[in-house]
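So the chains spell out like this:
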Amino acid sequence: MLILGGTAEASALARLLAGESWVAPVLSFAGRTVSPVLPPIPSRVGGFGGVDGLAAYLARERVEALIDATHPFAHQISINAERAAEVASVPRLVLQRPPWIAGPGDSWHSVPSVAAAAAALGEAPQRVFLTIGRQDLLPFQAAAHHFYLIRSVDPPDPALLPPRAEILTGRGPFTEDHDRALMERHGIGVLVTKNSGGAEGKLRAARALGLPVIMVARRPAPTGETVTEPEAALAWLRAHAETRPTPDDRGA
Ligand code: NAP
């Protein structure tokens, strides 16, 4: 089976599958992170070459189940997974964490894209805590009158940075106390983030400090059977393993 990863959920599923003799899993990374945390199961790194490349991989490796556990904002690979699974007739499950939902005390402004988030910061200079990863920073060069505290796992490409930026590298999850202290120390006035779901430390901190949040909304989720927890993906895999055709059924 193949897990398309790059998320905490994919890594958690890999840990659940480690040592299980009824399944031969491979975890696939795009290769964006400089030092990914290596999983306790076999892994591979790099793109497949679009739908055709992924479909060819599924056929060549005789993959019998595909789990799309990619990030909610990794849109292209999920489209590719859906199409390739159809072409190769491989059962596919989406493992995706639920989005965050604003609660009492939250002051969210939802926007459809990172570019819209940059525009939503407005004319008056602000001190911005920017936690959208390191790939999508370019639109903030068009809002150069703000100061940005940018947090990402690996350092961003300097060519993408707005002129007034400070970089913090680190791998989450971060606690509410940690992020509250960080935002206070840097005099942050607004948080910009993607609705990734998962650990809520920075959102709780923003709520506690009474700060507004510009939230980049998700695009429509991948279609097909979907679960939100690695344990549910494991149950799906077990059910598939129990009903898979025997060599006799396949005419071998
Ligand atoms: P994307 O735009 O959906 O995918 C671009 C291309 O990267 C895909 O067409 C595919 O190349 C390759 N790719 C993506 N995920 C892959 C995987 N797990 N294994 C092998 N190839 C993969 O993806 P992205 O937004 O750049 O994200 C890249 C990776 O980072 C994803 O695995 C995602 O789970 C992880 N991630 C993304 C975000 C985010 O905010 N976007 C945040 C955290 C983690 P080919 O067409 O050549 O196969």
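Residues numbered from 1 in each chain as written. Predicted model: local features only at pLDDT ≥ 70, side-chain atom pairs only at ≥ 80, totals over all residues. Heavy atoms only, no water.

### Considering the sheet that holds strand β1 (residues 2-4)
One open sheet accounts for six strands, arranged β3-β2-β1-β4-β5-β12; its pairing is parallel. Across the chains shown, the open sheet's two edge strands, defined by having one partner strand only, are β3 (43-45) and β12 (226-227). In this sheet, β12 lies alongside strand β5 (residues 92-95) in parallel orientation, the contact comprising two bridges. The partner of L95 across the bridge, within β12, is V227. (Pairing = 2+ DSSP bridges. Helix = DSSP H or I, 4+ residues; strand = E, 2+ residues; numbered from the N terminus.)

### A few points about the pairing of strand β10 (residues 190-194)
The buried fraction of β10 amounts to five of the five residues, a majority that puts the element mostly inside the structure. Neither face of β10 is exposed, since V190, V192 and K194 on one face and L191 and T193 on the opposite face are all buried. Examined bridge by bridge, strand β7 (residues 127-131) and β10 share four bridges and lie parallel to one another. Its bridge partner lying in β10, L130 is registered against V192. Two strands pair when backbone bridges link them, and β10 and strand β11 (residues 213-216) are joined in this way by four bridges, in the parallel orientation. Considered in β11, the bridge of K194 is made with V216. Read as a crossover between parallel neighbours, the route from β10 over helix α6 (residues 201-209) to β11 is right-handed. (Buried < 20%, exposed > 50% of the residue type's maximum accessible area, 1.4 Å probe, protein only. Right-handed = clockwise from strand over helix to strand, strands pointing away.)

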